[in-house]
Amino acid sequence: MSRRARLAFGLLALLVGTALFADLLANELPLAVRTGGVTYVLPALTKPLALADTTQLGLASAAEWIVHTPVPFGPNQTFATAVTRAEAAPWAPDAEHLLGTDELGRDVLARLIHGARVSLLIGFGAVLIALLVGLFLGVVAGYYGGFIDAAISRLTEVTFTFPSFFFFIALAGMLRFTSVVPLVIVMGLTRWTDIARLVRAETLKLKELDFVLAVRVLGASDARILARHIVPNALPPVLVAATFGVASAILLESALAFLGIGVPPPTASWGELLIQAHRYLVHPGAWWLAVFPGLAVAGTVLTMNLVGEALQDLQSATSNATHQTR
Amino acid sequence: MVPPMRRLALVLLVLAACPKKDAADAGASQGAAQALTPTRAWLDGRLPAEVTEGTPVKGGTFTMRVHVEPAGLNRLHDQMAEGTMSRYMAGTIYESLAELDRDTHPRYDLKPLLAQSWEESADHKTLTIHLRKGVKFHDGSSFTSRDVKAVADVVRNPKNATKSIASSFEDVESITTPDEHTVVVKWKKVYYLANRNLLTSLPMMPAKALEGDFDTLAINRAPIGTGPWRFVSWETGRALTFTRFDGYWGQPAWLDQIVVRFVKDETVAAQLWEKGEFDLMTRIAPTVWRSIEKPDPSNAWAIRGYHRVRFTDNSYGWVGWNEARPFFADKKVRRALAHLYPAEKVARNIDLDLEPPTTCPFYSEGPSCDPEVKPIPYDPAAAARLLDEAGWKDSNGDGVRDREGDPFQFTFASNAYSVKMGKLLPLLQEELRKAGIAMDIEKVEAATYIKRLRDQDYDACSLNWSNFDPIQDNYAIFHSSQTGKNGSNWVGYQNPEVDRLLEQIRAEFDDARRIELERAVHRALFEDQVYLWLTNRPMLDAVKVGVMGMKPSLAWYDLRKVWRAPAAKQ
């Protein structure tokens, strides 16, 4: 594996880790605390009712001992440090809020950490759905050919030519986006066309190859041929395309958030921070709202692109190896 | 594979987001900082007296920012009846028979404009209007009673898309024109605002120009009126230009030209404003308003270059609880929600202390609001008691109150473009969560939003009601007959007592008695917490130094009186 590939997968692991452990990285509740004679372990996860209305800063003075999360603020905790400040939020980065706060006094770092969860959920979720749909339609079209192929190919073309951005705006009016899930599903259902076309082409190639003809002669069913022989072989190039899809889904989320129809509030999302950044560009300037989420989006997109390239290199390396052994 | 260009673009995007740091900090001297301290009047948004002093001179162009571009300029048409531009065009391009007298704030008596005088019969059912003679339209034709009738007929024609204005003319029995300069209007029913509406809300257009398909009239793009300025051009997406009309019947306008610049985005508008592009900057965002107050050289352009205007409009924001939903049918619950609204936090952090709180569905500076009605204070303990009394208790210990097995969980539908709601709702959500109420937030695209409200297809919503006339009929908003498509009672409020009061008001011509009834309506509506009343939204504008004769009013600025001091002439 090249250094670049290792870097790519390292960054990806970091991102996924941030998303998975967001609750333990940035939370209004501590990792562990002993207060009022009771010890709470990981209240950040168990959310005991006794601590429902407390914060780490509030607990710190009353507790016997306390283990803070690395960022002692929750993503939706508003005006956590308002007492010590005279000016209206957003507050610039300082010792308390390392990356500053947004207009509701919410910690930008905490929102970025939790926003990673949303961005990755959208990116990977949408691509996973796209992958399932695209793989199925592509394989069926490529393998059976004829009328089925024509029908699926036309469907692909129609979906492909759909201006997905406007489609979302229209859809946001019809569907009720009160969680991320419908957004992910709709994104997935509009982005399978690239994958379907790629899979179809791969299938057309694969089904004529000797090993497929061989299993067919052995009397294997279509389902078995598709599932055991065609799909596994068509998958590697598709995965490369899918990683790029993750990147573009994350960008689309930011764009939708910018129009105010992305992830519903108060969910932390990088796009949502960027809309605020737009409002605070000059009067009053709040550069931290633009720079950090911007870096997060750009960094993630670059990471996914690096991962895609790394996968591509790995794949061509293996196929070269196969050619050589032949 | 990523094409290299795309990677580069990403890096550029991030770089572009970094703002330039003002180098001015370093160069600021003590003396400059002193001169930069804004005056009290500037901070409060009161125009200094010298703006309305001096001898007017002719000449100059006046450029203003408008935040919304209408689909067309025919304000009779439903799709073009956009409030802001309609208001700005009244008195500039178009004139009505009478206007609101800006000198009689806060009453706003009627003042003759295209009508020289009018008489009302004793039974209030007949209005005789005597038109001004010698008035010419911008196309050179004379203004006569025929034009008045044509405008009224177009509005009353059920085939035309004029619903928003036609409701004021449903009870017209007949409109006759005994001679060229007399119009007689007969009403089927008496209505206290009938004549006032008729006299002030109809922009006069030439009868000829109204012939043909109403949706595609030439005047929809190129209006023809009788006002002191005439239409020159409309560059869609950019600007409207008006120029002085030399055939105007009254005192000719001082300004040569008016340019309306359409700039929707508030950040872009603020940047253009800083560059000095606007003589009148409108709808300044509260955050911008506050950020330019610092006596810092980087704010010199605003502190030295502009007067600020903060003026309370007849407009209030409200939150509506859909009374068809089981949680909100109960008045106790609505009161509890008012106790949970963090008014002070919102005032300090979101409104930045610029918006006065209100409790009233009438003009807050007029006499129709009962001063005894006080806002419901933020008091979570009182809210908890009310919710318990209403039967909403957390019986299963999951942190959310419930009643008969139903959790108290609802969705707040908000206009996706509302900056204020975007900030306010997360705060409200936090307060409600602490009180055991689960609130989701749904952002709805603006075009669908009003439809959803009209269909009562929401749990909770928020909107602003604005009225340019200080006398306003709340029948359409709170009468039980006005739910759904009939009117604007979108929360589904029903109270026979309020119905009776609203009906009485409609036939009450005595101001003192009417005001008593209106105060009773105010008390009853507030007692029932039909809405969670938020604030009066002020007009936050800025006028360039050297632009004279500006004075805010409910009828907006009177541009006929505006002139440019010679030094500031372009």
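Residues numbered from 1 in each chain as written. Chains lettered and ligands numbered in written order. Predicted model: local features only at pLDDT ≥ 70, side-chain atom pairs only at ≥ 80, totals over all residues. Heavy atoms only, no water.

K.L.:
What is the right way to read the overall build of chain B from this model?
P.N.:
Of regular secondary structure, chain B possesses 19 helices and 20 strands. Taking 2.2 N^0.38 as the reference for a compact globule, 570 residues should give roughly 25 Å; the C-alpha atoms of chain B span a radius of gyration of 26 Å, in line with that estimate. Considering only C-alpha atoms, chain B reaches an extent of 80 × 70 × 55 Å along its principal axes. Going through the 570 residues of chain B one by one, you find that 56% of them count as buried. Excluding contacts between residues fewer than 6 apart, the proportion of contacts in chain B whose partners are at least 24 apart in sequence is 69%. Accessible area for chain B stands at about 24100 Å²; split by element, carbon and sulfur atoms hold 52% of it. Each charge class in chain B can be summarised by its mean position, and for the 74 positive and 77 negative side chains these summaries are 4 Å apart. (Helix = DSSP H or I, 4+ residues; strand = E, 2+ residues; numbered from the N terminus. Rg over C-alpha atoms; globule rule 2.2 N^0.38 Å. Buried < 20%, exposed > 50% of the residue type's maximum accessible area, 1.4 Å probe, protein only. Contact = heavy atoms within 4.5 Å. Areas by Shrake-Rupley, 256 points an atom, 1.4 Å probe, with all protein chains shown as cover. Lys, Arg positive; Asp, Glu negative; His and termini not counted. Charge placed at Lys NZ, Arg CZ, Asp CG, Glu CD.)

K.L.:
I'm lost on the domain arrangement of chain B in this one. Help?
P.N.:
Often, the extent of an interface is quoted as the loss of accessible area upon association of its parts. Residues and elements named next belong to chain B. Along its sequence, chain B is carved into domain 1 (45-61 + 228-312 + 539-568), domain 2 (95-208) and domain 3 (315-533). In this structure, domain 1 and domain 3 have C-alpha centres spaced 35 Å apart. Listed as interface residues are 9 residues of domain 1 and, on the opposing side, 12 residues of domain 3. Carbon and sulfur atoms make up 61% of the surface buried where domain 1 meets domain 3, a total of about 950 Å² over both sides. One can count 0 salt bridges joining domain 1 with domain 3. At the junction of domain 1 and domain 3, the tally comes to 3 residue pairs in polar contact (both at pLDDT 80 or more). At the level of elements, α10 (286-291) and β12 (306-321) are the ones that each hand at least two residues to the side of domain 1 that touches domain 3. Counting residues per element, the side of domain 1 that touches domain 3 draws most heavily on α10, which supplies 4 residues. Looking at the side of domain 1 that touches domain 3 residue by residue, the class counts come to 4 nonpolar, 2 polar and 3 charged. (Domains from an automatic or database assignment. Buried area = accessible area lost by both parts, 1.4 Å probe. Salt bridge = Lys/Arg side-chain N within 4 Å of Asp/Glu carboxyl O. Polar contact = N/O pair within 3.5 Å; in protein donor to acceptor, adjacent residues only side chain to side chain. Nonpolar A, V, L, I, M, F, W, Y, C, P; charged D, E, K, R; others polar.)

K.L.:
What is the right way to read helix α9 (residues 193-206) of chain A from this model?
P.N.:
For an α-helix, the turn length of 3.6 residues means that residues three or four places apart are oriented alike. Residue and element names in this part refer to chain A. Between its terminal C-alpha atoms α9 stretches 20 Å, which fits the 20 Å expected from 14 residues at 1.5 Å a residue. Among the residues of α9, those classed as buried are Thr-193, Ile-195, Ala-196, Val-199, Glu-202, Thr-203 and Leu-206. Looking at the buried positions of α9, the neighbouring elements they touch are α5 (108-144), α6 (146-161), α10 (210-217) and α11 (222-258). (Expected span 1.5 Å × (residues − 1).)

K.L.:
What is the right way to look at the pattern of salt bridges in this model?
P.N.:
When charged atoms on two side chains of opposite charge get close, those side chains can pair. Residue and element names in this part refer to chain A. All told, the structure shown has 53 salt bridges over all chains when counted by the stated rule. Between Glu-64 and Arg-34 there is a salt bridge, and its shortest N-O distance comes to 3.4 Å. Placement of Glu-64 in the loop between α4 (56-62) and β3 (65-67) and of Arg-34 in strand β1 (residues 32-35) is noted, with a sequence separation of 30 residues between them. For Glu-64, a relative accessible area of 56% puts it in the exposed group. One salt-bridge network, held together by shared partners, links Asp-102, Arg-106, Arg-111 and Glu-272.

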